[in-house]
Amino acid sequence: MESGKRDAVRLIPCADYDIEGLQSYFEEMAAKGLHLKKDGIFAYFASFERGEPREARYRMDVKEKRSPIMDGDNGRPTDEQIELCGELGWEYVDSIDVFHIFRTYDAAAPELNTDAALQSIAARRIVRSQIESVLVLCFWLLIYPVLKLDGMLLPTMFTVGTDVMLLAFIIDIWWIAGSIARLIYLSRIKKRLEAGESIVRRVKRSSARYIAPRIAFAVLATVTVCLFITRWSEADKGRIPLEEYAGELPFATIADIVPGKYERMGFPVTDGIQVRSDILAPVVIDFREYAAVTVTGGKAFSGGLLIDYYETVSPRLARAAAEELLLNARLKRHYTPIELGDTGADMQAAYYDEVHMPTVILQKGSRVIKATLYQTGEYTISMDEWAGKLLG
């Protein structure tokens with residue numbers, strides 16, 4: 001990829017922590033007449049200035065401290081450090097990750113950082129920092145999301161999309177694996193320095209080994225983000241008023257539970273139904289119904305029925321989803337269990353939720369339902385009765 005008559009931009013073919021790989025790559029490019037520009041590194045790309053082929057040495061010097069994310073100078077070395085290296089024949093070029101990059105065209109210039117003890121101390125500092133980075137990544141990418149789900153992994157997967165969740169998990173593992181690979185490499189460098197070995201040897205890295213995974217990761221991340229945005233934008237578009245839904249419902253509604261003259265109360269903002277489909281749960285229904293019923297004798301029932309329904313690919317998966325729904329309820333502050341008569345379900349639980357609404361969770365075969373029925377009229381129906389009618 002060309003950026004001008006005198007410049008060329010290349011994708012760096014090795015990891016940003018690969019000291020010997022980076023040094024060897026930049027030296028190889030200099031021998032071809034491509035010399036790394038000052039401040040020429042951005043992300044995985046490096047900008048080179050065209051010139052005469054020359055023998056050059058590049059050396060990676062450990063930063064005194066990790067630079068902040070928003071540091072516009074990319075954690076440049078101090079003016080004193082640049083001046084001192086200049087007196088030794090080395091010029092500062094750029095910084096990448098935890099390293100400063102210096103260059104010399106003078107074959108007689110002494111090597112930088114020949115003190116093995118100082119280099120070993122710097123390497124130990126980097127390794128400790130990398131261990132902290134791995135732990136932080138594991139927390140924010142794996143532990144924290146699970147904690148935020150409050151035990152609702154499967155219901156969340158059914159709603160958001162199993163494909164999106166799996167792709168996000170793969171990206172997290174990929175990211176953590178890369179951080180662990182960095183830690184392993186830096187630990188080996190530390191051991192070599194502690195043993196008094198040099199890290200200036202020439203190595204040849206395979207471009208495909210590093211570039212192909214980067215491209216694959218970028219594609220995977222892009223696909224995941226696009227899928228998530230699409231699902232997010234469609235989250236509310238799929239909800240329709242109950243009177244517009246023509247399909248058959250796999251559970252009982254207020255009209256089925258309370259016999260009599262039925263009249264929808266009509267709350268257009270919340271009243272409605274949304275039907276989704278997932279790989280693991282072919283039928284996912286979010287149902288909200290608000291109605292009034294005049295029963296025999298003139299008594300009036302009024303209230304609302306709120307249902308989350310999942311029809312999964314197997315009874316075992318349905319049972320796991322039901323248990324997660326119950327765990328989520330138990331984690332709430334005002335969870336209060338209620339005795340519930342036999343509903344014919346394989347698994348059942350009843351409780352008052354955080355706003356003291358009677359709620360049931362039932363699992364029967366591959367079907368799971370979480371239902372809340374609140375009643376405000378003079379006519380009421382017992383929980384045993386309405387819960388027993390939900391799944392038939």
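In what follows, the accompanying structure is described. Since the model is a prediction, treat every value here as computed from it, not as a measurement.

## Remarks on the packing of aromatic side chains
Moving on, step 1. Tallying each qualifying case throughout the model produces 15 aromatic pairs.
Moving on, step 2. Centroid distance Tyr290 to Tyr374: 6.3 Å. Interplanar angle 50°. Geometry classified as tilted. Taken together, the positions of Tyr290 in strand β9 (residues 283-294) and Tyr374 in strand β14 (residues 367-375) put the pair 84 residues apart, joining distant regions of the chain.
Moving on, step 3. Cluster of aromatic residues (ring-pair linked, three or more members): Tyr25, Phe26, Phe48 and Tyr58.
Moving on, step 4. Over the ring of Tyr105 we find Arg54; its NZ or CZ atom is 3.9 Å from the centre of that ring.

## A look at unusual backbone geometry
Moving on, step 1. In the Ramachandran plot, Asp39 falls in the positive-phi region, its phi being about 55° despite a non-glycine side chain.
Moving on, step 2. Relative to the elements of secondary structure, Asp39 occurs in strand β2 (residues 34-42).

## As for the pairing of strand β6 (residues 99-104)
Moving on, step 1. Among the six residues of β6, six are classified as buried, and the element is accordingly described as predominantly covered.
Moving on, step 2. A two-sided burial pattern is seen for β6, the buried positions comprising Phe99, Ile101 and Arg103 on one face and His100, Phe102 and Thr104 on the other.
Moving on, step 3. Taken together, the six bridges between strand β4 (residues 57-62) and β6 define a ladder with antiparallel strand orientation. Looking at β6, one finds that Arg59 is bridged to Phe102.

## Structural notes on the environment of Lys389
Moving on, step 1. Checked against the element boundaries, Lys389 lands in helix α9 (residues 383-390).
Moving on, step 2. Here Lys389 falls in the partly exposed class, since its relative accessible area comes to 31%.
Moving on, step 3. Apart from the residues lying within four places of it in its own chain, the contact partners of Lys389 are Ala252, Asp256 and Ile257.

## So, the packing of helix α5 (residues 162-194) against helix α6 (residues 207-234)
Moving on, step 1. Following both chains from N to C, one finds α5 and α6 inclined at 145°, their axes separated by 10 Å at the closest point. For α5 against α6, the interelement crossing comes out left-handed. Side by side, α5 and α6 meet where Asp163, Val164, Leu167, Ala168, Ile170, Ile171 and Trp174 of the first sit next to Pro213, Ala216, Phe217, Leu220, Ala221, Val223, Thr224, Leu227, Phe228 and Arg231 of the second.
Moving on, step 2. Here the residues of the contact of α5 with α6 are counted per class, giving 14 nonpolar, one polar and two charged.

## Observations regarding a negative patch on the surface
Moving on, step 1. Together, Asp79, Glu80, Glu83 and Glu87 make up a negatively charged patch on the protein surface.
Moving on, step 2. Looking at where Glu83 falls in the secondary structure, it is placed in helix α2 (residues 79-87).
Moving on, step 3. For Glu83, a relative accessible area of 51% translates into the label exposed.

Definitions and cut-offs
- The written sequence of each chain sets the order in which its residues are numbered from 1.
- Given that this is a predicted model, residues contribute local features only at a pLDDT of at least 70 and side-chain atom pairs are listed and counted only at 80 or more, while totals for whole chains, interfaces and linings are drawn from all residues.
- Values shown for side chains rest on all heavy atoms present in the structure; no hydrogens or waters enter the calculation.
- When two rings of Phe, Tyr or Trp (its six-membered ring) have centres within 6.5 Å they constitute a pair, described as stacked for plane angles under 30 degrees, edge-to-face for angles over 60, and tilted for the intermediate range.
- Counting from the N terminus, the helices are the DSSP runs of H or I reaching at least four residues and the strands are the DSSP runs of E reaching at least two.
- Here, a charge over a ring is recorded when the distance from Lys NZ or Arg CZ to the ring centre is within 6 Å and its angle to the ring normal is within 35 degrees.
- Only protein chains enter the accessibility calculation, which uses a 1.4 Å probe. A residue is then buried if its area is under 20% of the maximum for its type, exposed if over 50%, and partly exposed in between.
- Paired strands, in this sense, are two strands between which DSSP finds at least two bridges.
- It only takes one pair of heavy atoms within 4.5 Å for two residues to be counted as in contact.
- In this analysis an axis means a line fitted to C-alpha atoms, helices contributing only their contacting stretch, and an angle means the value between N-to-C directions, from 0 to 180 degrees.
- Crossing handedness follows the turn of the near helix against the far one: under a right angle anticlockwise gives a left-handed crossing, and clockwise gives a right-handed one.
- Each residue is assigned to one class: nonpolar for Ala, Val, Leu, Ile, Met, Phe, Trp, Tyr, Cys and Pro, charged for Asp, Glu, Lys and Arg, and polar for all the others, Gly among them.
- What goes into a patch is any residue over 30% in relative accessible area without a salt bridge, connected to like charges within 9 Å or, for nonpolar side chains (Val, Leu, Ile, Met, Phe, Trp, Tyr), within 5 Å.
- Per-residue and other accessible areas follow the Shrake-Rupley method at a 1.4 Å probe size, with only the shown protein chains counted as cover for residues.
- We define a salt bridge as a contact between a side-chain nitrogen of Lys or Arg and a carboxyl oxygen of Asp or Glu at a distance within 4 Å.
- Only four residue types enter the tally: Lys and Arg on the positive side, Asp and Glu on the negative side; His and the chain ends are excluded.
- Taken as the charge centre is NZ of Lys, CZ of Arg, CG of Asp or CD of Glu, depending on the residue.

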